[in-house]
Amino acid sequence: MSQKELIKLFENRNVRVVWDDEKQEWYFSVVDVCGVLVESKDYQTARKYWNKLKERLLKEGNETVTNCHQLKLVAGDGKMRLTDVANMEQLFRIIQSIPSPKAEPIKQWIAHVAAERIDQLQDPELSIEQAVNDYRRLGYSESWINQRLKSIEVRKLLTDEWKRGGVEGQQYASLTDIITATWSGKTTREYKRLKGLHKESLRDNMTNVELLLNSLAEASATEISKVENPKGYNQNADVAKRGGHVAKAARTNLEAQIGRSVVTPLNAKDYFQSIENKEDEEK
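Residues numbered from 1 in each chain as written. Predicted model: local features only at pLDDT ≥ 70, side-chain atom pairs only at ≥ 80, totals over all residues. Heavy atoms only, no water.

Some remarks on the nonpolar core
Right, on to step 1. Counting 28 residues, the largest nonpolar core has L175, I179 and W183 as the members making the most contacts within it.
Right, on to step 2. The greatest single-element share of this core, amounting to 5 residues, is contributed by helix α11 (residues 208-228).
Right, on to step 3. In this structure L175 touches W162, V167, Y233, N236, A237 and A240, once residues within four positions along its chain are discounted.
Right, on to step 4. Counting 25 residues, the second largest nonpolar core, distinct from the first, contains V36, A46, V65 and I98. (Core = buried A, V, L, I, M, F, W, Y, C linked by side-chain atoms within 4.5 Å. Buried < 20%, exposed > 50% of the residue type's maximum accessible area, 1.4 Å probe, protein only. Helix = DSSP H or I, 4+ residues; strand = E, 2+ residues; numbered from the N terminus. Contact = heavy atoms within 4.5 Å.)

Looking at unusual backbone geometry
Right, on to step 1. Residue N229 is not a glycine yet carries a positive backbone phi of 50°.
Right, on to step 2. For N229, the location among the structural elements is in the loop between α11 and α12 (232-258).
Right, on to step 3. For N229, a relative accessible area of 35% corresponds to the partly exposed category.

Thoughts on the packing of helix α8 (residues 142-164) against α11
Right, on to step 1. The N-to-C vectors of α8 and α11 enclose an angle of 25°; their axes lie 9 Å apart at closest approach. Our classification of the angle between α8 and α11 gives roughly parallel. As α8 runs across α11, the sense of the crossing is left-handed. Across the interface between the two elements, S143, W144, Q147, R148, S151, V154, R155, L157, L158, E161 and R164 from α8 touch N208, L211, L212, S215, E218, A219, A221, T222, S225 and K226 from α11. (Axes fitted to C-alpha atoms, helices over the stretch in contact; angles between N-to-C directions. Parallel < 35°, antiparallel > 145°, perpendicular 65-115°, else oblique. Left-handed = near helix turned anticlockwise from the far one by under 90°.)

Notes on the side chain of T180
Right, on to step 1. For T180, the position within the fold is in helix α9 (residues 171-184).
Right, on to step 2. Here T180 falls in the buried class, since its relative accessible area comes to 4%.
Right, on to step 3. If sequence neighbours within four positions are ignored, T180 has contacts with G185, K186, T187, T188, Y191 and N214.

Description of the sheet that holds strand β1 (residues 17-20)
Right, on to step 1. Read from one edge of the open sheet, 4 strands run β1-β2-β4-β3, paired in antiparallel fashion. Edge positions in the sheet fall to β1 and β3 (69-74), since each of these pairs with one other strand and no more. Here the strands of the sheet are splayed against their neighbours by 50° on average, with no regard to which way each runs.
Right, on to step 2. Here β1 runs beside strand β2 (residues 25-29); their pairing, made up of 4 bridges, is antiparallel. Residue W19 lies in a different strand from β2, and its bridge partner there is W26.
Right, on to step 3. Relative to β2, helix α2 (residues 30-37) is tilted by about 60°, and along the sheet it contacts β2 and β4 (80-86). (Pairing = 2+ DSSP bridges.)

Some thoughts on the packing of aromatic side chains
Right, on to step 1. Summed over the entire model, instances satisfying the criterion amount to 5 aromatic pairs.
Right, on to step 2. Ring geometry for Y135 versus Y140: centroids 5.2 Å apart, planes at 80°, classification edge-to-face. Residue Y135 shares its accessibility class with Y140, and that shared class is buried.
Right, on to step 3. An aromatic cluster of three or more residues is present, and its members are Y135, Y140 and W144. (Phe/Tyr/Trp six-rings, centres within 6.5 Å; stacked < 30°, edge-to-face > 60°.)

A word on α11
Right, on to step 1. The terminal C-alpha atoms of α11, which comprises 21 residues, lie 30 Å apart, in line with the 30 Å expected from a rise of 1.5 Å per residue.
Right, on to step 2. One or two residues past the end of α11 sits N229, with phi positive at roughly 50°. (Expected span 1.5 Å × (residues − 1).)

Points about the side chain of S29
Right, on to step 1. As for its placement among the helices and strands, S29 is situated in strand β2.
Right, on to step 2. Since its relative accessible area comes to 0%, S29 is described here as buried.
Right, on to step 3. Setting aside residues up to four positions removed in sequence, S29 forms contacts with V15, R16, L73, T83, D84 and V85.

A closer look at a nonpolar patch on the surface
Right, on to step 1. A surface patch of nonpolar side chains, about 190 Å² in accessible area, is lined by V209, L254 and I258.
Right, on to step 2. Tracing the backbone through its elements, the reader meets V209 in helix α11. (Patch = residues over 30% accessible without salt bridge, like charges linked within 9 Å, V, L, I, M, F, W, Y side chains within 5 Å. Areas by Shrake-Rupley, 256 points an atom, 1.4 Å probe, with all protein chains shown as cover. Salt bridge = Lys/Arg side-chain N within 4 Å of Asp/Glu carboxyl O.)

Comments concerning the confidence of the model for the chain
Residues shown with low pLDDT carry predicted positions that ought not to be read at fine detail.
Right, on to step 1. The share of residues in the chain with pLDDT of 70 or more is 86%, and the mean pLDDT across the chain is 84.
Right, on to step 2. The weakest mean pLDDT in the chain belongs to helix α1 (residues 3-11) at 51; the strongest belongs to α12 at 97. (pLDDT = per-residue confidence, 0-100.)

Some details on α9
Because each turn of an α-helix spans 3.6 residues, side chains separated by three or four positions in sequence point in the same direction.
Right, on to step 1. Over its 14 residues, α9 runs 20 Å from end to end, which matches the ideal 20 Å to within 8%, given 1.5 Å per residue.
Right, on to step 2. Packing partners of the buried residues in α9 comprise α8, α10 (188-194), α11 and α12.
Right, on to step 3. Among the residues trailing α9, G185 stands out with phi positive, at a value near 85°.

Description of the pattern of salt bridges
Right, on to step 1. What the rule picks out here adds up to 17 salt bridges.
Right, on to step 2. In this structure, K59 and E55 form a salt bridge, with 3.6 Å as the shortest nitrogen-oxygen distance. Placement of both K59 and E55 in helix α3 (residues 43-59) is noted, with a separation of 4 residues, approximately one turn of the helix.
Right, on to step 3. Taking relative accessible area as the criterion, K59 reaches 69% and is therefore assigned exposed.
Right, on to step 4. The partner of D134 in a salt bridge is R137, with the nearest N and O atoms 3.4 Å apart. Within this pair, D134 and its partner R137 are both found in helix α7 (residues 125-137), separated by 3 residues, close to a single helical turn.
Right, on to step 5. Judged by its relative accessible area of 26%, D134 falls in the partly exposed class.
Right, on to step 6. On the accessibility criterion, R137 (58% relative accessible area) is exposed.

So this is what it looks like as structure tokens:
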């Protein structure tokens with residue numbers, strides 16, 4: 001059960017779901033989810049159930065409940081009222097504590113994913129096989145999948161260089177933003193917004209050309225880093241920008257040849273649909 005599938009499941013059950021653009025997280029109304037899983041259509045009954053469950057979990061020292069916070073959501077009377085919300089990880093932990101037949105399929109899925117992940121930790125090749133199968137299931141072409149796997153390798157080489165140069169924590173995301181913004185003209189968040197994405201992976205929604213340019217930028221930054229051995233964030237940021245400029249030059253040259261921008265609002269679904277439509281027209 002993917003994040004999208006979970007959202008779709010709850011969307012049809014009067015569960016309030018909201019996207020927090022600042023935190024880049026989906027948040028679910030815990031009371032509404034409890035109402036669905038215990039099959040109660042009465043809000044007050046669901047609220048009482050959540051209060052009792054929350055009290056029990058707090059006594060057990062469950063940190064998930066402690067970390068849950070409140071957001072203002074539209075209530076049944078049409079007014080904005082504070083309500084307990086949980087992100088995806090917190091919600092799964094709460095669901096595991098609800099003894100309900102409705103919750104059982106989600107619990108089984110969580111257990112299945114955990115078992116698969118343990119196997120993948122023992123044999124990393126399984127992770128690659130799983131990724132390929134997932135991409136195929138979602139309709140990606142074999143050429144795009146091969147290119148995506150290559151981009152993962154390129155990214156790993158770059159992050160290894162950053163680690164060698166003393167990059168830490170959130171600096172990885174910041175350097176990624178520098179590279180992306182330099183070659184595409186948009187930060188990662190702006191790029192995702194252009195494509196109408198939320199929690200989805202930006203790279204998984206890039207066209208072949210976008211992936212190639214992004215990989216060129218990262219590979220260029222890696223090669224420059226190997227030669228210059230930058231130390232600390234500032235020096236690595238300079239290298240990241242220069243790597244991005246290599247891809248920017250390639251992008252500018254290509255756009256001059258084809259007369260349009262290669263940075264597109266098309267996401268993966270739109271992109272592959274456009275390819276299918278073009279193939280149908282050519283038949």
